[in-house]
Amino acid sequence: QVQLVESGGGLVQPGGSLRLSCAASGSIYGLNDMGWYRQIPGKQREWVGTITWEGNTKYADAIQGRFTISRDNAKNTVHLQMNALKPEDTAVYYCTAEHVDPIGLSRNYWGRGTQVTVSS
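Residues numbered from 1 in each chain as written. Predicted model: local features only at pLDDT ≥ 70, side-chain atom pairs only at ≥ 80, totals over all residues. Heavy atoms only, no water.

### Remarks on the overall build of the chain
- Within the chain, the secondary structure is distributed over 0 helices and 11 strands.
- The secondary structure elements of the chain, listed N-terminal to C-terminal, are β-β-β-β-β-β-β-β-β-β-β.
- Taking 14 Å as the expected radius of gyration for a compact globule of 120 residues, we find that the chain reaches 14 Å, a close match to that expectation.
- In terms of principal-axis extent, the alpha carbons of the chain reach across some 50 × 25 × 25 Å.
- Contacts spanning at least 24 positions in sequence make up 54% of the contacts within the chain whose residues lie at least 6 apart.
- As presented, the chain carries roughly 6600 Å² of accessible surface, and 50% of it is formed by carbon and sulfur atoms.
- Across the chain, the 11 positively charged side chains and the 10 negatively charged ones have centroids separated by 5 Å. (Helix = DSSP H or I, 4+ residues; strand = E, 2+ residues; numbered from the N terminus. Rg over C-alpha atoms; globule rule 2.2 N^0.38 Å. Contact = heavy atoms within 4.5 Å. Areas by Shrake-Rupley, 256 points an atom, 1.4 Å probe, with all protein chains shown as cover. Lys, Arg positive; Asp, Glu negative; His and termini not counted. Charge placed at Lys NZ, Arg CZ, Asp CG, Glu CD.)

Here is the structure:
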């Protein structure tokens, strides 16, 4: 089992920045890709970006160039630096992690989410 806890959400004005963090605990040996999703009320959860164990990143087009994902494998944390925030970035942001067990079975874990509100 892997537990993921997000932090850092809040209210920010358009054009502002926020940094979300996600701490993993539990069966952290075997953690692979980690990333972020977001969900706007009434809409499906959407992918924001992913970072591999080696630090390679991929991003959704909607946030490309504004958001940056990083991770600290020693601390089992992943971060989402969000710059130039727009009202349409308002959502609950979820951390996700892929865990691969010793026999190669993969499972995705999710945090409970943190609210980000972009408004003046």
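Further notes follow.
### Section: the packing of aromatic side chains
- Enumeration according to the criterion identifies 1 aromatic pair in this entry.
- Of note, Arg45 hangs over the ring of Tyr94, and the distance from its end group to the ring centre comes to 3.7 Å.
- Of note, Arg45 hangs over the ring of Trp110, and the distance from its end group to the ring centre comes to 4.8 Å. (Phe/Tyr/Trp six-rings, centres within 6.5 Å; stacked < 30°, edge-to-face > 60°. Lys NZ or Arg CZ within 6 Å of the ring centre and 35° of its normal.)

### Notes on the state of the cysteines
- Tallied over the entire structure, the rule returns 1 disulfide.
- The disulfide partner of Cys22 is Cys95, and the gap between their sulfur atoms is 2.1 Å. Here the disulfide of Cys22 and Cys95 is left-handed, its torsion about the S-S bond being about -80 degrees. Placement of Cys22 in strand 3 (residues 18-26) and of Cys95 in strand 9 (residues 91-100) is noted, with a sequence separation of 73 residues between them. Residues Cys22 and Cys95 agree in their burial class; the two are buried. (Disulfide = S-S within 2.5 Å. Buried < 20%, exposed > 50% of the residue type's maximum accessible area, 1.4 Å probe, protein only.)

### Thoughts on the pairing of strand 7 (residues 67-72)
- Because side chains alternate across strand 7, one face comprises the buried residues Phe67, Ile69 and Arg71, and the other comprises Thr68, Ser70 and Asp72, none of which is buried.
- In the sheet, strand 7 pairs with strand 8 (residues 77-82) via 6 bridges, with the strands oriented antiparallel. The residue of strand 8 that forms the bridge with Phe67 is Met82.
- Counted along the chain from strand 7 to the antiparallel partner strand 8, the turn is 4 residues long, and its residue Asn76 has a positive phi close to 55 degrees. (Pairing = 2+ DSSP bridges.)

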